[in-house]
Amino acid sequence: MESGVVLPNVNLAYRISGTPSSQPPIVTCTAFAQSYYDLAYLRGAKLALDAKKNWIIHTELLGNGRSSSPSNTSPPFNGANFPAVTIRDNVNLQAALLNHLGVNRIRAVVGASMGGQQAIQWAVSYPDRVENAVVIAGSCRATWHVRLFLNSLVTCIRSDPAFQEGNYTEPPLLGLSRMSEAWAPWAFSPEFYSLQVYQRYPDTQANSLDEFLAKWRTRYHEKDANDLLCHFQTWANHDVSFTPGMDGCLEKALKSIKAKVLFLPIRTDAYFAVADVTAEAALIPHAQVMVLNSVYGHAAAFGRDKNDRTQLNQAIAQFLNPVSEQGKTE
């Protein structure tokens, strides 16, 4: 691993949709505390990721509780002793999986949020293997703004006396509740709340702030605290300029990309600002930016709203299968 730690055994959770063939597959990558299901709204007949037209390899992040994580790794690397994980560690592990499957080229890498971080890292780390990359509500490096936000969530978990520096014997539910409460104004946008869009969904519908928080604070009670901290660290330390050979230079890293890249930032996203994403895209030889006009904030990346799902599916499908006005593939 980039930390210098050697894990003797590592498990990567993955599944394959469609029928493997000699054609390059699509690879999907998961987001924070998510599994294969987080991009379900993109998968299916007539959707952007149609397993009848492509074969798809779905990978899951280290630290998500299914791939190797603090919660499922044997001593001496269990719990708080699990090593720091980078986005590049994940991408390198995924590359090893593809080598095992005999896959040399990838038609596209697709991911949202931390999944988008992996997609762009794939394009930098393996420029000759990736044809296209789709970055939904993600960026090429974590800004100070994002790192400050994530640090506040980490502090919430660690503030619980039951956490015991990660050596807890019972879930630190108070810390997880504090983290969830602190996250509430970030996951959605101010418009999502001011327009009372939250009243449309059972998990956010509420007649008072206390009622809303009572629902929201339990969102991560079923997750392992050390797993969440692993993901916070992975997210906060993301920076493609630290890729070997890039000398810490973002411009050098992005100009090395050979793949076509589609960035899909969200107008109201509090994590990955449109201005930051646009500036990064300008450094990539073959990149385009399409801004999703949604009031759902970062949550739009996971298809909560029908209109958001439609916009994202159409944009990705058109990017992966460009068709001219005459109906011919370009």
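Coordinates for the structure precede this section.
The model shown is predicted, which means the values in this text are computed figures rather than measured ones.

Draft legend 1. Main features of the overall build of the protein chain. For the protein chain, the helix and strand inventory stands at 10 helices and seven strands. Taking 2.2 N^0.38 as the reference for a compact globule, 330 residues should give roughly 20 Å; the C-alpha atoms of the protein chain span a radius of gyration of 20 Å, in line with that estimate. Across its three principal directions, the C-alpha atoms of the protein chain cover 60 × 50 × 40 Å. Burial status across the protein chain gives 53% buried among its 330 residues. For the protein chain, the proportion of contacts with a sequence separation of at least 24, taken over those separated by at least 6, is 76%. Mean positive and mean negative side-chain charge positions of the protein chain (28 and 28 charges, respectively) differ by 7 Å.

Draft legend 2. A look at helix H7 (residues 225-236). Between its first and last C-alpha, H7 extends 16 Å over 12 residues, near the 16 Å set by a 1.5 Å rise per residue. Within H7, 11 of the 12 residues are buried, leaving the element largely enclosed by the surrounding structure. Buried residues of H7: Ala225, Asn226, Asp227, Leu228, Leu229, Cys230, His231, Phe232, Thr234, Trp235 and Ala236, and no others. Turning to H7, the residues buried within the fold contact helix H1 (87-100), helix H2 (114-125), helix H3 (144-158) and helix H4 (173-187).

Draft legend 3. Fine view of the side chain of Thr59. If you trace the backbone, Thr59 turns up in strand S3 (residues 56-59). Assessed through its relative accessible area of 0%, Thr59 is described here as buried. Among the polar contacts made by the side chain of Thr59, one reaches the main-chain carbonyl oxygen of Thr28 at a distance of 2.8 Å. Side chain to side chain, Thr59 and Gln94 meet in a polar contact 3.5 Å long.

Draft legend 4. Region of interest: the sheet that holds strand S7 (residues 287-289). Pairing within the open sheet is mixed, and its seven strands lie in the order S1-S3-S2-S4-S5-S6-S7. The sheet is open, and its two edges are formed by strand S1 (14-17) and S7, each paired on a single side. Direction aside, neighbouring strands of the sheet carry axes that sit 15° apart on average. When strand S6 (residues 260-264) meets S7, the two strands line up parallel, connected through three bridges.

Draft legend 5. Region of interest: the packing of aromatic side chains. Here the structure, examined in full by the defined rule, presents 26 aromatic pairs. Judged by centre distance (6.2 Å) and plane angle (80°), the rings of Phe149 and Trp235 are edge-to-face. Here the residue Phe149 occupies a position in helix H3, and Trp235 occupies one in helix H7, the gap between them amounting to 86 residues. The exposure class assigned to Trp235 is buried, which follows from its relative accessible area of 1%. Owing to a relative accessible area of 2%, Phe149 belongs among the buried residues under this scheme. Over the ring of Tyr36 we find Arg43; its NZ or CZ atom is 3.8 Å from the centre of that ring.

Draft legend 6. Representation of the layout of surface pockets. Estimates place the volume of the largest pocket at around 420 Å³. Among the residues forming the lining of the largest pocket, the class breakdown is 12 nonpolar, three polar and three charged.

Draft legend 7. The pattern of salt bridges, seen in detail. Taken as a whole, this structure holds 11 salt bridges when the rule is applied. In this structure, the salt-bridge partner of Glu191 is Arg267, at a minimum N-O distance of 3.1 Å. In this pair, Glu191 sits in helix H5 (residues 190-194) while Arg267 sits in the loop between S6 and helix H9 (274-281), placing the two residues 76 residues apart along the sequence. With relative accessibility at 40%, the residue Arg267 sits in the partly exposed group.

Draft legend 8. Geometry of helix H10 (residues 306-320). A rise of 1.5 Å per residue sets the reference length of H10, with its 15 residues, at 21 Å; its end C-alpha atoms lie 21 Å apart and thus fit the reference within 8%. Asp308, Gln311, Leu312, Asn313, Ala315, Ile316, Phe319 and Leu320 are the residues of H10 that are buried. Two or three places before Asn307, at the start of H10, stands the capping residue Asp305, its side-chain oxygen 3.1 Å from that residue's backbone nitrogen.

Draft legend 9. Region of the structure containing the environment of Gln233. Topologically, Gln233 is positioned in helix H7. Of the residues examined, Gln233 reaches a relative accessible area of 34% and is grouped as partly exposed. The sequence separation of Gln233 and Ala142 amounts to 91 residues, and the corresponding C-alpha distance is 11 Å. Other than its neighbours up to four places away in sequence, Gln233 contacts Ala84 and Val85.

Reading guide: rules and limits
Residues numbered from 1 in each chain as written. Predicted model: local features only at pLDDT ≥ 70, side-chain atom pairs only at ≥ 80, totals over all residues. Heavy atoms only, no water. Helix = DSSP H or I, 4+ residues; strand = E, 2+ residues; numbered from the N terminus. Rg over C-alpha atoms; globule rule 2.2 N^0.38 Å. Buried < 20%, exposed > 50% of the residue type's maximum accessible area, 1.4 Å probe, protein only. Contact = heavy atoms within 4.5 Å. Lys, Arg positive; Asp, Glu negative; His and termini not counted. Charge placed at Lys NZ, Arg CZ, Asp CG, Glu CD. Expected span 1.5 Å × (residues − 1). Polar contact = N/O pair within 3.5 Å; in protein donor to acceptor, adjacent residues only side chain to side chain. Pairing = 2+ DSSP bridges. Axes fitted to C-alpha atoms, helices over the stretch in contact; angles between N-to-C directions. Phe/Tyr/Trp six-rings, centres within 6.5 Å; stacked < 30°, edge-to-face > 60°. Lys NZ or Arg CZ within 6 Å of the ring centre and 35° of its normal. 1 Å grid on protein atoms, 1.4 Å probe; cavity = no way out; pocket = protein on both sides within 12 Å on 5 of 7 lines; lining within 4 Å. Points joined across faces, edges and corners; volume = space filled by probe spheres on them. Nonpolar A, V, L, I, M, F, W, Y, C, P; charged D, E, K, R; others polar. Salt bridge = Lys/Arg side-chain N within 4 Å of Asp/Glu carboxyl O.

So yeah, pure geometry; function would need other evidence.
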